[in-house]
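# Structure at a glance
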Amino acid sequence: MAEADEKPVEGAGNNAPSPRVRCAHVGPLPQGERVRLTRRDALRYGLLGLGGLAGAGAFGYSCLKAFRSENPASIFPGDAPSGEVWEQWRARGWAREGYHYISLGQNVECHICPNRCLLAPGDRSHCRNRVNKDGKLYTLAYGNPCAMHIDPIEKKPLFHFMPASSAFSLATSGCPFRCLNCQNWEISQARPEETKDPSGPELRPTPQGLAELTQETQRRYSLFPEDVAASAAHFRCDSIAYTYSEPTAYFEYMLDTCKLARARKIKNVWISCGYMSGEALADLCKVLDGANVNLKSFSEDIYRALNDGRLQAILDTLKFLKEQGVWFEVTNLVVPTYTDKPDMIKKMCDWLVANIGPGYPLHFSRFFPMYKLAHLAPTPAEILMKAREIAQNAGLHYVYIGNVRGLEDVENTFCPGCKKMVVQRDVFDVTANHVKQGKCEFCNTKIAGVWA
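Report on the accompanying structure. Computed from a prediction, not measured in an experiment: that's the story for all the values here.

What follows is about the packing of aromatic side chains. Aromatic ring pairs: the centre-centre distance and the angle between the two ring planes describe each pair. Per the stated rule, a full pass over the model turns up 13 aromatic pairs. Both rings, one in Trp86 and one in Tyr138, keep their centres 5.3 Å apart while their planes meet at 80°; by these two values the pair is edge-to-face. With a gap of 52 residues between them, Trp86 in helix H3 (residues 83-92) and Tyr138 in strand S6 (residues 136-139) connect regions that are remote in the sequence. A residue is classified by how much of its surface remains accessible, and Trp86, at 7% relative accessible area, is buried.

This next bit is on the pairing of strand S3 (residues 107-110). Here S3 shows two buried faces, one formed by Asn107 and Glu109 and the other by Val108 and Cys110. As paired strands, strand S2 (residues 101-104) and S3 are joined by four bridges and run antiparallel to one another. Within S3, the position partnered with Ser103 by the bridge is Val108.

Within the structure shown, the criterion is met by 15 salt bridges. In this structure, the salt-bridge partner of Lys155 is Asp151, at a minimum N-O distance of 3.5 Å. An identical accessibility class is assigned to Lys155 and Asp151; each is buried.

This brings us to H3. Each α-helix turn comprises 3.6 residues. Residues three or four places apart therefore point the same way. Taken residue by residue, H3 has Trp86, Trp89 and Arg92 as its buried positions. Projection of H3 onto a plane perpendicular to its axis shows the buried side chains occupying an angular sector of 135°, all on one side. Those residues of H3 that are exposed and angled more than 90 degrees off the buried face are Glu84 and Ala91. Taken together, the buried residues of H3 touch strand S5 (130-133), S6 and helix H5 (192-195). One or two steps after H3, the chain reaches Gly93, where phi turns positive at roughly 85°.

Of all hydrophobic cores here, the largest spans 122 residues; its most connected members are Leu284, Leu295, Leu321 and Phe364. Here this core takes seven residues from helix H11 (residues 311-323), the largest share from any one element. Filtering out sequence-adjacent residues up to four positions away, Leu284 remains in contact with Phe251, Met254, Leu255, Cys258, Trp270 and Met276.

Bringing the sheet that holds S3 into the picture now. Judged by pairing direction, the sheet is antiparallel, and its three strands sit side by side in the order S2-S3-S4 without closing on themselves. Edge strands, defined here as strands with exactly one partner in the open sheet, are S2 and strand S4 (118-119).

Here the focus is the side chain of Thr331. Inspection of the secondary structure puts Thr331 in strand S12 (residues 327-334). A polar contact is formed between the side chain of Thr331 and the side chain of Asn292, at a distance of 2.9 Å. Contact partners of Thr331, with chain neighbours within four places excluded, come to Pro157, Asn292, Val293, Asn294, Leu295, His363 and Ser365.

With that settled, the discussion passes to the pairing of S12. When you tally the buried positions in S12, you get eight out of eight residues, the bulk of the element. The sheet contact formed by strand S11 (residues 290-294) and S12 spans five bridges and is parallel. Counterpart to Asn292 in the pairing with S12 is Glu329. Bridge count between S12 and strand S13 (residues 362-366): five bridges; the pairing is parallel. Bridging from a neighbouring strand, Val330 pairs with Leu362 of S13.

This part covers the side chain of Ser125. Inspection of the secondary structure assignment puts Ser125 in the loop between S4 and S5. Owing to a relative accessible area of 2%, Ser125 belongs among the buried residues under this scheme. Those residues in contact with Ser125, other than ones at most four positions away along the chain, are Ile75, Phe76, Cys117, Leu119 and Arg130.

Here H11 crosses helix H12 (residues 342-355) at 30°, and the two axes come no closer than 11 Å. Here H11 is positioned roughly parallel relative to H12, judged by the angle of their axes. For the element pair H11 and H12, the recorded crossing hand is right-handed. On H12, the residues touching Leu315, Leu318, Lys319 and Lys322 of H11 are Trp351, Leu352 and Asn355. Tallied by class, the residues present in the contact of H11 with H12 amount to four nonpolar, one polar and two charged.

Basis of the calculations
Residues numbered from 1 in each chain as written. Predicted model: local features only at pLDDT ≥ 70, side-chain atom pairs only at ≥ 80, totals over all residues. Heavy atoms only, no water. Phe/Tyr/Trp six-rings, centres within 6.5 Å; stacked < 30°, edge-to-face > 60°. Helix = DSSP H or I, 4+ residues; strand = E, 2+ residues; numbered from the N terminus. Buried < 20%, exposed > 50% of the residue type's maximum accessible area, 1.4 Å probe, protein only. Pairing = 2+ DSSP bridges. Salt bridge = Lys/Arg side-chain N within 4 Å of Asp/Glu carboxyl O. Arc of directions from axis to C-beta. Contact = heavy atoms within 4.5 Å. Core = buried A, V, L, I, M, F, W, Y, C linked by side-chain atoms within 4.5 Å. Polar contact = N/O pair within 3.5 Å; in protein donor to acceptor, adjacent residues only side chain to side chain. Axes fitted to C-alpha atoms, helices over the stretch in contact; angles between N-to-C directions. Parallel < 35°, antiparallel > 145°, perpendicular 65-115°, else oblique. Left-handed = near helix turned anticlockwise from the far one by under 90°. Nonpolar A, V, L, I, M, F, W, Y, C, P; charged D, E, K, R; others polar.

Next up, the structure:
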């Protein structure tokens, strides 16, 4: 196996009818205003291919005022697979009808993440994994992972979630973000067709056969949710980690796998940028046990420039995870010239304490030159130590630094009560653990986390 490093709203799934958009108000155009329709607007209200813009009138205008999305994500018009490739994808079971979308005539709008991709027949979504085929939304990332590995849970990083346990980790291609510093860009910025090959005989290895996959057969094998759960059990993994690329991009595959893992009493952990819609997250939280959310900055402008995302959506995710009782930890990658500003770090930490609480761990991670930011230098260690000091002064109980060797105690856990070390780590190895039944062995203070 190759290593790779709002309130909930009822949505449409495989067995649910697709709701239709309702217009909140129909009326005449305000005096002096003109209708300006983008392609996205026209698609949303079925105006392309159904009489063009001539049929828009006051109805179209008032709907646009009610529902227009700000800064919609770019999509790939006409890029859906067709012909033999599409038939092969369907025959393998790698194409499945998507969850959480609405139909708009022959157009569809995906509601898995805040991008709200609006697709005409033949279009491909921003994350590259979803397409509109004949008026239905399909995911192309189902049962076809392109990366698998068995990892220590500490690698995620999750320091307060079942220490020293193993996670069966997997990923498909695709991502709703465009991070300039992505460490797994070869798969996150790829289409499923670039990472998997449906030609030739079907290959569906048993758990015992996974270790025997060659570079060629890795591109052709299937691993459906029941196979993932069985493999995790076979390798005695305590959890399944949806990781490496962005699991939101393979939501359907992840959700179905989570359900089967839960039935086997295997935990599910989501390693994510946190960019998921409230309705999809509500579904996921029913079968989710832990998460690490990468809070990439505390600036809307930087999120746009560095990641092509939106800060508020991630903050909403953190609050919802807490509300649902899902354990999570936060990672902040400190990128020179982007996210290494002490005032922004302080604002982030103050927000976490005020809105999430002091007991959820924060991991500051060192940046290394990568992808489109290969010209930058690695984050200086002193910047990371300063960030940790800011976070501790803000009141966070558990603050860690990752991707740096030689800094004393930055990966160890200390009791917020007696201040003694309760968990000692050496990179991904736990060398001492003095947390018993969720409490400090020395003073009985509760240590936040999932320790069983």
